[in-house]
Amino acid sequence: MPIDTGSPEKIHGPLLRVRALEKKYWARRGAFRRRVPLLAASKVSFEIPHGKTLAIVGSSGSGKSTVARCVARIEKPDSGEIWIKDRQVAQASGKELMSLRPDVQLVFQDPSTSMNARFSAVQTIEEPLLLQHRGSSEERRTRVAELMKEVALQPEWMDRGVSEFSGGQKQRIAIARALALKPKLLILDEAFTGLDLSTQAQIGNLLLELQAAHTLTYLLIAHDLTLVSRMADFIAVMSNGEIVEQGIAQEVLASPVHAQTRALISAAQGLRSISATQPSS
Amino acid sequence: MRPKAWIVVLSALLAALHLAILAAGFIAPYDAASQNRDLSYAPPTHVHLRDASGWHLPFVYRWIPDPDGYREDTSTRYPIHFFTRGEAHKILWIFPSNLHLFGVDEPGRILIAGADSFGRDEFSRLLYGGQISLAVGLLATFITLAAATVVGTVAGYFGKWADEFLMALGELFLCLPWFYFLVGARAFLPLHVSAAGTFLLLIIVIGIIGWARPARLIRGIVLSARNRNYVLAARGFGGSNFYLLRRHILPETFAILLTQAALLIPQYVAAEATLSFFGLGVSEPVPSWGNMLSALQQYNVLVSYFWLLAPAAALVITSVMYWLLADVLHHWIQSHSIN
């Protein structure tokens, strides 16, 4: 059930503000292997109010994941500003960056590649706590048990290898790991891709419950507009590294202005009509 | 047989071989330098169980030189004693002892793999020589893989100019004609280098030559592991470069290091044998499988005294066991990573 996050006590202005973010990669092209820039994100600006969800949508290669990685500071942006509350994180480094890490966490697309297959569930979930020097070994195990309960996993399974869990369970472990440091902002980078429809719905419900319980702010990177319409308060549409349209989710989906947005919506509708006409096997 | 069973069997056989060579002083009946000029090129001693008087415990006869070579002196039986006292030696180069696994009373002599031109027991020299040859193989492999891990990790993890420079250097190393380079390098060294000095020099030179190929493999693994999502996630939690390498990336290279070690050890044992065969390695009287084979450079020795080929047989057996191990390890790791 969608949770109403618009109650007045939960709104305290934007938690995340991104201004004129730019990121380019270098590639070698041509016979002389000349270095040429590939602009992955250009003049990207948006903000997310506290406790709300912004979905960035766009076709493959539009720069969605680059923005997510820059906000998570897995990648350093070339220019622009990223504000988490009143702290600028775009150019932070060293100890300053380390102190900012717990506030922003990222859940990756494919849970089986975002976790080390040689690790157990407890080793996976406690890694952020270990790296931020939180608690003793025993305290960390207790916290892992709490987190596993929170994402509806049995704490008794904590010593099992992560490869023994199903896709949906792995994504729950990934979410538990992301919650370990009590972040303010959770970036969900295509976190539903690769999961079957019922697991997608379960993970979606879990995320909405967690958002309500902890007043979490989500940056959702997705291309499934059905899911986006259910979870997001705001939408930003990206194309060729730029945001071409953004606004309140229902408004953008109801009356798209940019051609890219219209293309995405019609593609989603096309897929729905195909699946509706196909006989069930 | 399943790959895991093969790994266990081959590892057990190799462990037995290495233990036997490590305990050369105890297993060998004589010292490697112990000469008996009356037994020059004596063939392997025959072990008997019966004579004209009937059945006995295992015994041997002395070799007596005659115009056709050697004949057995059947007048006296020399019973084989187990756990017997004999020539002094040191267990693991530290503890003095004179206990031997087997031996016969003087003046009898048990030569189970025959004798060389100085009448030295070939079997004892094979065991002592194995210590030099296998130590060169193992230590040089350790140096190669340590250098390859450092170079491959720096190139793969930090990339950019370090990657380009180190990989270009690797290509240069792969192109050099190493054997001729070594022969040339040896010419610059003093004529007489002590056995320990040559031993160290061999380990360092052989160890340094081979880093380029495994370094490229390790670079590839580090390069792909560096961008895996779980490494990026750990970076997002505040993991330092050292943490990411130690906990996530370097463990990925263990499998390839293991396979490379199993491939490199026999290659380096053979490299030591080649250099010593041409007189560039450890010199007499210290035995190594290579310098023991150098006696076969003379054609009449090669065709007349087959038992002097024992070091070649030891080289082949050791190499085949290591190669088989490398092969099953490779297949086991592949199937393991697919699962």
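Just so it is clear, the model here is predicted, and its values are computed rather than measured.

### Some remarks on the overall build of chain B
The helix and strand inventory of chain B stands at 12 helices and 5 strands. In terms of overall dimensions, chain B has C-alpha extents of about 85 × 50 × 35 Å along its principal axes. The 339 residues of chain B split such that 39% are buried. Across chain B, every contact between residues at least 6 apart in sequence was considered, and the portion connecting residues at least 24 apart equals 69%.

### A word on the sheet that holds strand β4 (residues 79–84) of chain A
Hydrogen bonding along the main chain pairs the strands of a sheet, whether they run parallel or antiparallel. Residues and elements named next belong to chain A. Overall, antiparallel pairing links the 4 strands, which are arranged β2-β1-β4-β5 in an open sheet. Two strands lie at the open edges of the sheet, namely β2 (34–49) and β5 (87–88), each paired on one side alone. As defined by bridge partners, strand β1 (residues 14–29) adjoins β4 across 5 bridges and the pair is classed as antiparallel. By the bridge assignment, E22 is partnered in β4 with S79. Helix α1 (residues 64–71) contacts β1, β2 and β4 of the sheet and is inclined by roughly 120 degrees relative to β1.

### Details of the sheet that holds strand β2 (residues 54–66) of chain B
Residue and element names in this part refer to chain B. Taking strand neighbours across the sheet as the criterion, the 3 strands line up as β1-β2-β3 in an open arrangement whose pairing is antiparallel. Taken across any chain shown, the strands that pair with only one partner, and hence form the sheet edges, are β1 (48–51) and β3 (69–79). For this sheet the average axis-to-axis angle between neighbouring strands, irrespective of direction, equals 60 degrees.

### Some details on the environment of K90 of chain B
Residue and element names in this part refer to chain B. Following the sequence through the fold, K90 ends up in strand β4 (residues 81–91). Placed 232 residues apart in sequence, K90 and Y322 show a C-alpha to C-alpha distance of 28 Å. Not counting residues up to four positions away in its chain, the partners in contact with K90 are G25, F95 and P96.

### Focus on the interface of chain B and chain A
Counting from both sides, the interface comprises 14 residues of chain B and, opposite them, 17 residues of chain A. Counting only elements with at least two residues in the side of chain B that touches chain A, the list comes to α8 (229–236) and α9 (241–277) of chain B. The leading source of residues in the side of chain B that touches chain A is α8 of chain B, at 7 residues. Along the lines of polarity and charge, the residues of the side of chain B that touches chain A split into 7 nonpolar, 5 polar and 2 charged.

### Some remarks on the domain arrangement of chain B
Put simply, an interface is often sized by how much accessible area is lost when its parts join up. When cut into domains, chain B gives domain 1 (45–110) and domain 2 (125–338). For domain 1 of chain B and domain 2 of chain B, the distance between their C-alpha centres works out to 40 Å.

### With respect to the confidence of the model for chain A
Chain-level pLDDT for chain A is 84 on average; 92% of the residues reach the 70-or-more range. Note on residues 1–11 of chain A: pLDDT is under 50 here. Beyond four places in sequence and across chains, it has 16 contacts.

### Quick look at the pairing of strand β10 (residues 242–248) of chain A
Walk down a regular strand and you will see the side chains alternate between the two sheet faces. All names here are of chain A. Strand direction decides the pairing type here: strand β9 (residues 234–239) and β10, joined by 6 bridges, are antiparallel. By the bridge assignment for β10, V237 is matched with E245. Where β9 folds back onto β10 in an antiparallel hairpin, the turn is made up of 2 residues, including N240, whose phi is positive at roughly 50 degrees.

### Digging into the nonpolar core
Formed by 156 residues in total, the largest nonpolar core has its most connected members in V71, L219, L220 and V228 of chain A. Counting contributing residues per domain, this core is built from domain 1 (45–110) and domain 2 (125–338) of chain B, each supplying no fewer than three. Filtering out sequence-adjacent residues up to four positions away, L219 of chain A remains in contact with L16, I48, L54, I56, A68, V71, L185 and I187 of chain A.

### Quick word on the pairing of β1 of chain A
Residues and elements named next belong to chain A. Note that β1 and β2 share 12 bridges and pair antiparallel. When the bridges of β2 are listed, L21 appears paired with V44. Here β1 folds back onto β2 in antiparallel fashion, the turn holding 4 residues, of which G30 has a positive phi close to 80 degrees.

### Quick word on the confidence of the model for chain B
The predicted model of chain B averages 87 in pLDDT, with 98% of residues at 70 or higher. The ipTM for the predicted assembly is 0.76, set against a pTM of 0.76.

### With respect to the environment of Y299 of chain B
Position of Y299 of chain B relative to the elements: it lies in helix α11 (residues 299–304). Measuring from C-alpha to C-alpha, the distance between Y299 of chain B and F142 of chain B comes to 37 Å, with 157 residues separating the pair along the chain.

### Considerations on the environment of P43 of chain B
All names here are of chain B. Along the chain, P43 falls in the loop between α2 (24–27) and β1. A count of 16 C-beta atoms within 10 Å places P43 in the partly exposed class. Along the backbone, P43 and F306 are 263 residues apart, and their C-alpha atoms lie at a distance of 8.8 Å.

### Observations concerning helix α6 (residues 195–209) of chain B
Residue and element names in this part refer to chain B. Taking 1.5 Å of rise per residue, the 15 residues of α6 would be expected to cover 21 Å, and the 21 Å separating its terminal C-alpha atoms lies within 8% of that figure. Burial in α6 covers these residues: T198, F199, L202, I203, I206, G207 and I209. On an axial view of α6, the arc spanned by its buried residues comes to 160 degrees, and they lie on one face.

Calculation notes
Residues numbered from 1 in each chain as written. Chains lettered and ligands numbered in written order. Predicted model: local features only at pLDDT ≥ 70, side-chain atom pairs only at ≥ 80, totals over all residues. Helix = DSSP H or I, 4+ residues; strand = E, 2+ residues; numbered from the N terminus. Buried ≥ 20, exposed ≤ 12 C-beta atoms within 10 Å, placed from the backbone. Contact = placed C-beta atoms within 7 Å. Pairing = 2+ DSSP bridges. Axes fitted to C-alpha atoms, helices over the stretch in contact; angles between N-to-C directions. Nonpolar A, V, L, I, M, F, W, Y, C, P; charged D, E, K, R; others polar. Domains from an automatic or database assignment. pLDDT = per-residue confidence, 0-100. Core = buried A, V, L, I, M, F, W, Y, C linked by C-beta atoms within 7 Å. Expected span 1.5 Å × (residues − 1). Arc of directions from axis to C-beta.

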